[in-house]
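Chain by chain, the residues:
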Amino acid sequence: IISAMEVLTFLVTPVLTAASDTVGRKPVLVLCALLNLGYQLCGLFLGVGGSVAGLAAGQFFYAMSNQVQVFQRAAMGDLYLQEPAEYAKALSTSELCYPLSKMVAPLFGAFLLRQAAGNMRVVYWVGTALAAADTLISVLGPETLAAEDRKPFKITQTHPLSFVKIFTAGKKLR
């Protein structure tokens, strides 16, 4: 199931990226935040002592919502388009936070479990609350891609290996 989730993420990322270039960053970011909330709810209601079907549903939502970092980076790029040095600072700060969260989350989870006398549902409740906050921030946040900068959706640009062209054509990134 986990491998299928990674394959789905690999296939979905280019499609959602092209969609965000067409409709704007905010609608796709909100969609991913809602799917993340769905993932957390699957964990809350099905994850602890749940079924294989519950795990599969949760992993589907996770794979679909896993794109949120891609759109956060794209939104930062939109915001700092005219200021490459500031963009680099914002991106490096963001990139430092991600591994830090991977280190802090298990410690926080262990703390919660100890406080809740081993009740695993508490961890899922907190995860669901954080996902709800993320969804609210996504809904209330601004659109970062101006209407005049949007591109028409082309299915040919959604091939998962299209990034290989960048390296084989000798083009520089940004």
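Calculation notes
- Residues numbered from 1 in each chain as written.
- Predicted model: local features only at pLDDT ≥ 70, side-chain atom pairs only at ≥ 80, totals over all residues.
- Heavy atoms only, no water.
- Patch = residues over 30% accessible without salt bridge, like charges linked within 9 Å, V, L, I, M, F, W, Y side chains within 5 Å.
- Areas by Shrake-Rupley, 256 points an atom, 1.4 Å probe, with all protein chains shown as cover.
- Salt bridge = Lys/Arg side-chain N within 4 Å of Asp/Glu carboxyl O.
- Helix = DSSP H or I, 4+ residues; strand = E, 2+ residues; numbered from the N terminus.
- Buried < 20%, exposed > 50% of the residue type's maximum accessible area, 1.4 Å probe, protein only.
- Core = buried A, V, L, I, M, F, W, Y, C linked by side-chain atoms within 4.5 Å.
- pLDDT = per-residue confidence, 0-100.
- Expected span 1.5 Å × (residues − 1).
- Bend = angle between axes of the 7 residues up to and from the residue.
- Polar contact = N/O pair within 3.5 Å; in protein donor to acceptor, adjacent residues only side chain to side chain.
- Contact = heavy atoms within 4.5 Å.
- Arc of directions from axis to C-beta.
- Axes fitted to C-alpha atoms, helices over the stretch in contact; angles between N-to-C directions.
- Parallel < 35°, antiparallel > 145°, perpendicular 65-115°, else oblique.
- Left-handed = near helix turned anticlockwise from the far one by under 90°.
- Nonpolar A, V, L, I, M, F, W, Y, C, P; charged D, E, K, R; others polar.

1. Examining a nonpolar patch on the surface
In step 1: A cluster of nonpolar side chains, L100, M103, V104, F108 and F111, forms an exposed patch at the surface whose accessible area comes to about 490 Å².
In step 2: Its location among the elements puts F111 in helix α5 (residues 84–115).

2. With respect to the pattern of salt bridges
In step 1: In this structure the tally under the stated criterion is four salt bridges.
In step 2: One salt bridge connects D21 with R25, and the closest N-O pair in it is separated by 2.7 Å.
In step 3: According to the relative accessible area criterion, R25 is buried, its value standing at 9%.
In step 4: The partner of R150 in a salt bridge is E143, with the nearest N and O atoms 3.8 Å apart.

3. Looking at the nonpolar core
In step 1: Of all hydrophobic cores here, the largest spans six residues; its members are V12, L16, V28, L29, C32 and F71.
In step 2: Elements supplying a minimum of two residues to this core: α1 (2–23) and α2 (25–47).
In step 3: No other element matches the three residues that α2 contributes to this core.

4. Structural notes on the confidence of the model for the protein
In step 1: Averaged over every residue, the pLDDT of the protein is 78; the share at 70 or more is 82%.
In step 2: Of all the helices and strands in the protein, helix α7 (residues 164–168) carries the lowest mean pLDDT, 62, while helix α6 (residues 121–140) carries the highest, 84.

5. Overview of α5
In step 1: In this model α5 runs 45 Å from its N-terminal to its C-terminal C-alpha over 32 residues, within 8% of the 46 Å that 1.5 Å per residue would give.
In step 2: Roughly 30° is the biggest bend found in α5, and it falls at S101.
In step 3: Of the positions making up α5, those classed as buried are Y87, A90, G109 and L112.
In step 4: Among the residues trailing α5, A117 stands out with phi positive, at a value near 55°.

6. Comments concerning the side chain of R25
In step 1: Relative to the elements of secondary structure, R25 occurs in helix α2.
In step 2: A polar contact of 3.0 Å, which involves the side chain of R25, links it to the side chain of S20.
In step 3: Of note is the side chain of R25, whose polar atom sits 2.8 Å from the side chain of D78.
In step 4: Each residue touching R25, except ones within four places of it in the same chain, is listed here: S20, A74, A75, D78, E143, T144 and L145.

7. Overview of the side chain of S20
In step 1: Within the secondary structure layout, S20 lies in helix α1.
In step 2: Of the polar contacts made by the side chain of S20, one reaches the backbone oxygen of T17; its length is 2.9 Å.
In step 3: Not counting chain neighbours up to four residues away, the residues in contact with S20 comprise R25, V28, F71 and L145.

8. Description of the environment of T17
In step 1: Tracing the backbone shows T17 in helix α1.
In step 2: A relative accessible area of 27% places T17 in the partly exposed class.
In step 3: Considering only alpha carbons, one finds T17 and T158, 141 residues apart in sequence, at a separation of 8.0 Å.

9. Comments concerning α6
In step 1: Spanning 20 residues, α6 covers 28 Å between terminal C-alpha atoms, matching the ideal 28 Å at 1.5 Å per step.
In step 2: Turning to α6, its buried residues number three or more, namely G127, T128, A131, T135 and S138. Here the buried residues of α6 occupy an arc of 100° about the axis, which is enough to place them on one side. Structural note: α6 exposes W125, L130, L136, I137 and L140 on the side pointing more than 90 degrees away from its buried face.

10. Here's the deal with the packing of α5 against α6
In step 1: Put simply, α5 and α6 touch, their axes get as near as 8 Å, and they point 125° apart. One way to sum up the angle between α5 and α6 is to call them oblique. Read as a crossing pair, α5 and α6 show a hand that is right-handed. When α5 is examined against α6, the residues F108, G109, L112 and L113 are found in contact with a partner set consisting of V122, V123 and V126.
In step 2: Grouping the constituent residues of the contact of α5 with α6 by class yields six nonpolar, one polar and no charged.

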